[in-house]
Amino acid sequence: MTHADTMPLEVIEVTRHGDVALITLGNPGGGALPAWQPGAHIDLHLPGDVVRQYSLCGDPDAPAYRIAVLREADGRGGSQWLVDHAAPGLTLAGAGPRCHFPYEPHEGTTLFLAGGIGVTPIAAMAAQARVAGHDYRVAYSGRTRAGMALVDELAETHADRLALHVSDEGTRADLDGLMMSVGEGGAAYACGPAAYLAAVEEAAERHAVALRVEHFTPVELAEPARDEAFEVELAMTGVTVEVQPGTSILQAVEEAGAFVLSSCTEGTCGTCETPVLEGEVDHRDSILTADERARNDVMYVCVSRAACPRLVLDL
Ligand code: FES
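Residues numbered from 1 in each chain as written. Predicted model: local features only at pLDDT ≥ 70, side-chain atom pairs only at ≥ 80, totals over all residues. Heavy atoms only, no water.

Draft legend 1. Here's a closer look at the pairing of strand β7 (residues 110-115). With respect to burial, β7 is a largely interior element, 6 of its 6 residues being buried. Side-chain alternation along β7 places T110, F112 and A114 on one buried face and L111, L113 and G115 on a second face that is also buried. Here β7 runs beside strand β10 (residues 187-192); their pairing, made up of 5 bridges, is parallel. Note that in β10 the partner of L111 across the bridge is A188. Where β7 meets strand β8 (residues 136-142), 6 bridges bridge the pair, whose relative direction is parallel. (Buried < 20%, exposed > 50% of the residue type's maximum accessible area, 1.4 Å probe, protein only. Helix = DSSP H or I, 4+ residues; strand = E, 2+ residues; numbered from the N terminus. Pairing = 2+ DSSP bridges.)

Quick look at the structure:
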């Protein structure tokens with residue numbers, strides 16, 4: 001795996017809210033950090049050769065990054081260590097920021113939907129909409145109020161544009177009602193756990209609301225469109241690589257000596273985005289919208305495959 005170039009990020013401040021740690025990260029040398037836009041995430045390299053992605057949830061004009069990290073006892077490792085060990089002075093290798101979940105202004109109302117720790121990119125996007133004077137609403141769902149990160153900050157920033165839905169207070173979100181409130185020309189953005197996003201996607205479809213989601217974990221994959229080997233031509237060198245069933249394009253092209261940046265290897269981070277020059281892609285990532293898939297101009301080679309015998313990629 002070839003990771004993106006890293007930069008040192010030093011923990012400046014940590015505040016804890018239930019199982020969530022809010023961590024501010026700065027440049028240890030005191031200089032500026034790369035610019036970012038709401039919806040962006042950074043990679044953090046953690047012990048055990050683990051790389052995790054965290055959405056930025058602070059102010060893009062601030063000199064430091066801010067992330068919120070949930071301690072997940074049954075998670076995939078990394079975040080629990082970070083919640084327990086983050087302290088001022090700790091320096092980690094980071095990469096990015098990278099954004100595959102940008103907020104774009106809409107003519108109608110924008111509905112921001114956050115489930116649990118999925119509030120992190122949503123908080124930054126809603127703040128952007130507020131500053132720009134757009135018509136927006138935020139609906140934030142969680143199990144307990146005490147476990148909902150950024151809840152006080154959101155209440156202060158968004159006042160009556162924010163609706164809190166707290167399961168143990170009996171105020172679960174009415175997703176159909178929320179989708180109906182979007183109206184013509186509007187759109188919804190959502191981030192949260194897989195089950196929450198699945199419910200949001202179904203409600204958006206029922207009410208024909210344009211929806212963009214960010215997944216933390218990969219969507220459940222259907223069987224590949226083809227169960228046979230296929231060829232990938234690397235346009236820059238003219239080399240053709242055969243990709244066997246059970247091998248990813250990323251693995252096959254790296255074995256052939258091509259250079260492709262990657263990080264999550266599960267189709268969620270966007271690092272391995274590759275332009276498609278010819279051929280039809282079997283998109284299996286958790287990033288692209290249906291329209292973006294239909295354009296067939298980029299693919300994520302860590303998980304996506306060919307829906308035809310031969311692809312030509314800009315590699
Ligand atoms: S490496 Fe993360 S999407 Fe491919």
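Following the structure, the description resumes.
Draft legend 2. Quick peek at the layout of surface pockets. Taken as a whole, the second largest pocket holds about 810 Å³ of empty space. Taken together, 33 residues line the second largest pocket, and the ones lying closest to its centre are L211, L288, T289, A290 and D291. Where the lining of the second largest pocket is concerned, the elements lending two or more residues are β10, α5 (194-206), β11 (211-215) and α7 (290-295). The leading source of residues in the lining of the second largest pocket is α7, at 5 residues. Along the lines of polarity and charge, the residues of the lining of the second largest pocket split into 15 nonpolar, 5 polar and 13 charged. The residue makeup of the lining of the second largest pocket includes at least three contributed by each of domain 2 (110-215) and domain 3 (230-313). (1 Å grid on protein atoms, 1.4 Å probe; cavity = no way out; pocket = protein on both sides within 12 Å on 5 of 7 lines; lining within 4 Å. Points joined across faces, edges and corners; volume = space filled by probe spheres on them. Nonpolar A, V, L, I, M, F, W, Y, C, P; charged D, E, K, R; others polar. Domains from an automatic or database assignment.)

Draft legend 3. Summary view of the environment of M125. Within the secondary structure, M125 sits in helix α2 (residues 119-132). The spacing of M125 and P38 is 87 residues in sequence and 5.0 Å in space, taken between C-alpha atoms. Excluding residues within four positions of it along the chain, M125 makes contact with P38, G39, F101, P102, Y103, F112 and Y189. (Contact = heavy atoms within 4.5 Å.)

Draft legend 4. Structural view of the environment of A126. Locating A126 in the fold gives a position in helix α2. You can call A126 buried: its relative accessible area is 1%. Here the alpha-carbon distance between A126 and T110, two residues 16 residues apart in the chain, equals 9.0 Å.

Draft legend 5. Representation of empty space enclosed by the protein in the model. What the rule picks out here adds up to 1 cavity of 30 Å³ or more. Of the voids in this model, the largest cavity is the one considered here, and its volume is about 60 Å³. Surrounding the largest cavity, H100, F101, V213, E214, H215, T268, C269, S286 and I287 form its lining. Here the lining of the largest cavity spans two domains, and each of domain 2 (110-215) and domain 3 (230-313) adds at least three residues to it.

Draft legend 6. Summary view of the environment of E228. Within the secondary structure, E228 is located in the loop between β11 and β12 (230-234). With 76 residues separating them in the primary sequence, E228 and S304 have C-alpha atoms 14 Å apart.

Draft legend 7. Broad picture of the sheet that holds strand β6 (residues 91-98). What the 6 strands build is an open sheet, ordered β4-β3-β6-β1-β2-β5; its pairing is antiparallel. Unpaired on one side and paired on the other, β4 (50-55) and β5 (65-70) mark the two borders of the sheet. In this sheet, neighbouring strand axes are inclined to one another by 40° on average, regardless of whether the strands run parallel or antiparallel. As paired elements, strand β3 (residues 41-46) and β6 share 4 bridges and run antiparallel to each other. (Axes fitted to C-alpha atoms, helices over the stretch in contact; angles between N-to-C directions.)

Draft legend 8. View of the pattern of salt bridges. One pass over the structure, following the stated rule, counts 13 salt bridges. Its salt-bridge partner being E153, residue R66 comes within 2.8 Å of it at the nearest N-O pair. Note that R66 is positioned in strand β5 and E153 in helix α3 (residues 151-158), a separation of 87 residues in sequence. For R66, a relative accessible area of 16% translates into the label buried. Look at E153 and you get partly exposed, because its relative accessible area is 35%. Between D135 and R161 there is a salt bridge, with the nearest N and O atoms lying 3.5 Å from each other. You can see D135 sitting in the loop between α2 and β8 and its partner R161 sitting in the loop between α3 and β9 (162-166), a full 26 residues away along the chain. (Salt bridge = Lys/Arg side-chain N within 4 Å of Asp/Glu carboxyl O.)

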